[in-house]
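# Results of the structural survey
Read off the chains here:
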Amino acid sequence: MSLSAVSQVELLNQNLADLPNDLNVSFEFFPPNSEKMYETLWSSIERLKGLNPKFVSVTYGANASTRDRTHKVIQEIINKTTLTPVPHLTCIDVDRGELLDIAHQYWDMGIRHILALRGDVPEGQVKPDIHAEDLVAFLRSVHDFEITVAAYPEVHPEAKSAQSDLIALKRKVDAGASQAITQFFFDVDAYLRFRDRCATIGIEAEIIPGILPVTNYQTLLKFAGPQNVKVPHWLHKRFEGLDHDPATRQLLGASIAIDMVRLLRKEGVRDFHFYTLNRSELTYALCHTLGVRENCIEK
C-alpha cells in the first residue's frame, strides 16, 4: 500500500525505540583499482563485519581486469572473515563456456549465492544474446546456487514500459531467483507501489530495497541519470549550497536514509541492502541508529 502524506509524518514522528529491533542488513562493495582504494575497502569490511550482515555483495565489471579483482576480493573475504560473500555475475563480454568455468570456480570456493545480472553494456558494444533470466536458469542448471536478481521500482532505463519491466522480473523469478534487490531510490511510495504490483502479477520473491546513503549530491546525479532514478526536488533543496560542506552532507544523508528505513520497516520491510560505495562510516552509523548493533543483534 502507498503512504499518505499524513501517515508519513506520523511515522517520522514515531520514536526510533518503538521500532522492532529485527532488521536484516546486507552491504555492497566494489573491487578496488588502487592500493589506497584497497585499504579503504578493507577498512570498511572490518568495520561493518561486526554488524553480522546476511551477506556482502561484490560488483562485477565488463572487462577481465575488473572480474579478476572481483574474484580476488571474494576469495579474500572467504579467507579473512566469516562473512558470506555474494559475487555479482553478468552476461557482458562473456560466453557460456566462460560462465560455466566461473560457476564451477565459485562453487569450488564455497560460494552458494550469486547476484545474477545482465549488466550494463559498455558504449559501442553489442548487447549480449543472453539476458538475466537466461543467466539465472543457466546457474541453477549447473549448481544449486541461491540466486538474487535486480529489480527497478522506477523502471529499468531500457525497458519499453513498466509492465514489460515487471514481466522481465517475473521471468527471472520463474527461472529460479529467490529474491530481488532494487536499484536505489528515494521515493518510498514508488517502492511500495512496485511491491504491490509484483504481488499482483504473482511474484512471490522478496523485494529487498536498496538504500544509497547520500554524501555527495553531484555524484548522486551522475549515478541516478543513467539508471532512471528520480531525484526529487526536495532532495535537491536539502543539499543545495553544501558542495563544500561534507560534514553537513553526511548528517543530511544519514537523516534521509534513516527516515526511509523507518517508513519501510513500518510497511513490513525487514531486509535492507546498503550501497556502501566502499565507505563504512555512514552505513555503520545508520545501522547503529536503527538498532543493528555489533554482535548483539536481536532476531
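Residues numbered from 1 in each chain as written. Predicted model: local features only at pLDDT ≥ 70, side-chain atom pairs only at ≥ 80, totals over all residues. Heavy atoms only, no water.

Under an unreviewed UniProt entry, the chain has the name Methylenetetrahydrofolate reductase and belongs to Wohlfahrtiimonas larvae. UniProt annotates the chain under Catalytic activity (unreviewed entry) with the comment "(6S)-5-methyl-5,6,7,8-tetrahydrofolate + NAD(+) = (6R)-5,10-methylene-5,6,7,8-tetrahydrofolate + NADH + H(+)". (UniProt positions renumbered as here; feature names shortened; annotations may be inferred.)

At 3.6 residues per turn, the α-helix brings residues three or four places apart onto the same side. Where helix α8 (residues 217-224) is concerned, the buried positions are Tyr217, Leu220 and Ala224. Seen along its axis, α8 keeps its buried residues to an arc of 50 degrees; they face one direction. Buried residues in α8 make contact with α9 (233-239). In this structure Asn216 caps α8, since a side-chain oxygen of it lies 3.0 Å from the backbone nitrogen of Gln218. (Buried < 20%, exposed > 50% of the residue type's maximum accessible area, 1.4 Å probe, protein only. Helix = DSSP H or I, 4+ residues; strand = E, 2+ residues; numbered from the N terminus. Arc of directions from axis to C-beta. Contact = heavy atoms within 4.5 Å. Polar contact = N/O pair within 3.5 Å; in protein donor to acceptor, adjacent residues only side chain to side chain.)

Per the stated rule, a full pass over the model turns up 8 salt bridges. Between Lys170 and Asp174 there is a salt bridge; the shortest N-O distance is 2.9 Å. Placement of the pair is Lys170 and Asp174 together in helix α6 (residues 162-174), with a separation of 4 residues, close to one helical turn. Measuring nitrogen to oxygen at the nearest pair gives 3.1 Å for the salt bridge that ties Lys237 to Glu240. The class of Lys237 is partly exposed, set by a relative accessible area of 44%. (Salt bridge = Lys/Arg side-chain N within 4 Å of Asp/Glu carboxyl O.)

Next up on the list: the environment of Val261. With respect to the element layout, Val261 can be found in helix α10 (residues 246-266). With 52 residues separating them along the chain, Val261 and Pro209 place their C-alpha atoms 9.1 Å apart. Setting aside its immediate chain neighbours within four residues, Val261 contacts Leu23, Ile211, Phe272, Phe274 and Leu290.

With that settled, the discussion passes to a negative patch on the surface. Together, Asp93, Asp95, Glu98 and Asp101 make up a negatively charged patch on the protein surface. Structurally, the position occupied by Glu98 is in helix α4 (residues 96-109). Here Glu98 falls in the partly exposed class, since its relative accessible area comes to 36%. (Patch = residues over 30% accessible without salt bridge, like charges linked within 9 Å, V, L, I, M, F, W, Y side chains within 5 Å. Areas by Shrake-Rupley, 256 points an atom, 1.4 Å probe, with all protein chains shown as cover. Lys, Arg positive; Asp, Glu negative; His and termini not counted. Charge placed at Lys NZ, Arg CZ, Asp CG, Glu CD.)

On to the sheet that holds strand β5 (residues 146-151). The 9 strands lie next to each other as β7-β6-β5-β4-β3-β2-β1-β9-β8, forming an open sheet whose pairing is parallel. What marks the edges here is a single partner per strand, and that holds for β7 (206-208) and β8 (210-211). (Pairing = 2+ DSSP bridges.)

All right, on to the nonpolar core then. Among the nonpolar cores identified, the biggest contains 90 residues, and Phe27, Leu139, Ile147, Leu169, Leu264 and Phe274 are the most heavily contacted of them. Of the residues forming this core, the biggest block, 9 residues, is contributed by α10. In this view, Leu139 contacts Leu89, Ala103, Ile114, Ala116, Phe145 and Ile147; residues no more than four positions away in its chain are not counted. (Core = buried A, V, L, I, M, F, W, Y, C linked by side-chain atoms within 4.5 Å.)

The subject of this paragraph is the layout of surface pockets. Approximately 1,600 Å³ is the volume attributed to the largest pocket. What lines the largest pocket is a set of 47 residues, among which Gly119, Asp120, Tyr152, Gln183 and Gln227 lie closest to the centre. Of all elements in the fold, only β3 (85-90), β4 (113-117), α5 (132-142), β5, α6, β6 (179-182), α8 and β9 (271-275) reach the threshold of two or more residues within the lining of the largest pocket. Looking at the second largest pocket, its volume works out to about 340 Å³. Along its surface, the second largest pocket is lined by 18 residues, and Pro213, Thr215, Asn216, Leu277 and Arg279 are the ones closest to its centre. Going through the elements one at a time, α8, α10 and α11 (281-289) are the ones with two or more residues in the lining of the second largest pocket. Here the lining of the second largest pocket is built from residues that sort into 9 nonpolar, 6 polar and 3 charged. (1 Å grid on protein atoms, 1.4 Å probe; cavity = no way out; pocket = protein on both sides within 12 Å on 5 of 7 lines; lining within 4 Å. Points joined across faces, edges and corners; volume = space filled by probe spheres on them. Nonpolar A, V, L, I, M, F, W, Y, C, P; charged D, E, K, R; others polar.)

Overall, the coordinates contain 3 cavities of 30 Å³ or more when judged by the stated rule. Taken as a whole, the largest cavity spans an internal volume of roughly 50 Å³. Lining the largest cavity, in full, are Tyr152, Pro153, Glu154, Val155, Gln183, Phe184, Phe185, Gln227, Asn228 and Val229. Classifying every residue of the lining of the largest cavity by side-chain character gives 6 nonpolar, 3 polar and 1 charged.

A few words on the environment of Pro226. If you trace the backbone, Pro226 turns up in the loop between α8 and α9. Pro226 sits in the exposed class, given a relative accessible area of 52%. With 70 residues separating them in the primary sequence, Pro226 and His156 have C-alpha atoms 9.7 Å apart.

Note that Arg249 resides in helix α10. From its side chain, Arg249 meets the backbone oxygen of Thr215 in a polar contact 2.5 Å long. When residues no more than four places from it in sequence are discounted, the contact partners of Arg249 are Val214, Thr215, Asn216, Phe239, Leu242, Asp243 and His244.

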